[in-house]
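Structural description and commentary
Listed here are the chains, written in short residue letters.
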Amino acid sequence: LTFAPTLLQRSAREAATHAMDKAAPTPIASLLGRFDPLDVEGLVNFAPQLSHMLDGAALTGRRDERRGGKPVHVLSFSVPVPAEAARQMSVKQYTGTLEVTLDAEGVPVAVNQVQDIKGRKLFISIQFGNTTTYTLGRSGSRLLVLARRQRETHSVFGEDGNSQTETTLTPIAAGASQ
């Protein structure tokens, strides 16, 4: 795992500024601190995560399309309520879908996952939504996440919020220098 030199230089400048002014923001350092080895593992070896996403899913449709001028096959699934969500609150309404796009060889090239949950915990209404889009590639026999775009929305106590995260992975050939 390597980081672009310009990113590391920006982080060093942030740290120097923050050392002189504790109120100075450090967005790059905060971002780099969010990297989790398990999250990175999911990016460089996505097949187990995709398999887990499909656990309990039911096929609801299939269609053929063209993407980038090439034929693809799109499989649509209905996904059950995550067990963790059902344990943490009383789920009143749930929608979970997963679309897996396969190339002509049957290899996944994209995944779109959508979850919307409305529920209650004690007397508190909770609404949570998550849409994640994965662009996939291969390195040898490994399925890689080349890009992940995630949008989360939530509403608790009538307060709404949202966040967006984009992760990009650029594979570098073994032995290549940066």
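Each chain carries its own residue numbering, running from 1 in the written order of its sequence. Only residues with pLDDT of at least 70 are given local features in this predicted model, and only at 80 or more are side-chain atom pairs given and counted; all residues enter the totals for whole chains, interfaces and linings. The basis for every side-chain value is the complete set of heavy atoms in the structure, and neither hydrogens nor water enter the calculation.

1. Side note on the pairing of strand β4 (residues 108-121)
To keep things clear, this is the line we draw: Paired strands, in this sense, are two strands between which DSSP finds at least two bridges. Working definition: helices are DSSP H or I runs of at least four residues, strands are E runs of at least two. Numbering for both runs from the N terminus.
Pairing of strand β3 (residues 90-102) with β4 involves 12 bridges; the strand directions are antiparallel. Looking across to β4, one finds that Thr101 is bridged to Ala110. If you look at the hairpin formed by β4 and strand β5 (residues 124-139), you'll find 2 residues sitting between the two strands, and Leu122 has a positive phi there, around 55°.

2. Some points on the pattern of salt bridges
Going by this rule: Here, a salt bridge means any side-chain nitrogen of Lys or Arg that lies within 4 Å of a carboxyl oxygen of Asp or Glu. Throughout this description, buried means an accessible area under 20% of the type-specific maximum (1.4 Å probe, protein chains only), exposed means over 50%, and partly exposed covers the range between.
Evaluated as defined, the whole model comprises 5 salt bridges. One salt bridge in this structure joins Arg63 and Glu65, with 2.6 Å as the shortest N-O distance. Overall, the relative accessible area of 33% leaves Arg63 in the partly exposed class. Assessed through its relative accessible area of 24%, Glu65 is described here as partly exposed. Of the charged contacts in the structure, one is a salt bridge between Arg63 and Glu99, with a shortest N-O distance of 3.4 Å.

3. Notes on the layout of surface pockets
Heads up, the condition is: Of the two site types, the cavity is a set of points on a 1 Å grid over the protein atoms alone where a 1.4 Å probe fits but cannot get out, and the pocket is an open set with protein on both sides within 12 Å along at least five of seven lines, each lined by residues with an atom within 4 Å of a point. Grid points are joined across faces, edges and corners, and a volume is the space filled by probe spheres set on the points. Residue polarity is assigned by list, with Asp, Glu, Lys and Arg as charged and Ala, Val, Leu, Ile, Met, Phe, Trp, Tyr, Cys and Pro as nonpolar; anything else, Gly included, falls into the polar class.
Taken as a whole, the second largest pocket encloses approximately 760 Å³ of empty space. If you trace the second largest pocket, you find 23 residues lining it, with His52, Pro82, Glu84, Gln113 and Gln115 closest to the centre. Among the secondary structure elements, those contributing two or more residues to the lining of the second largest pocket are α4 (47-54), α5 (83-88), β4 and β5. Looking at side-chain class alone, the lining of the second largest pocket contains 12 nonpolar, 8 polar and 3 charged residues.

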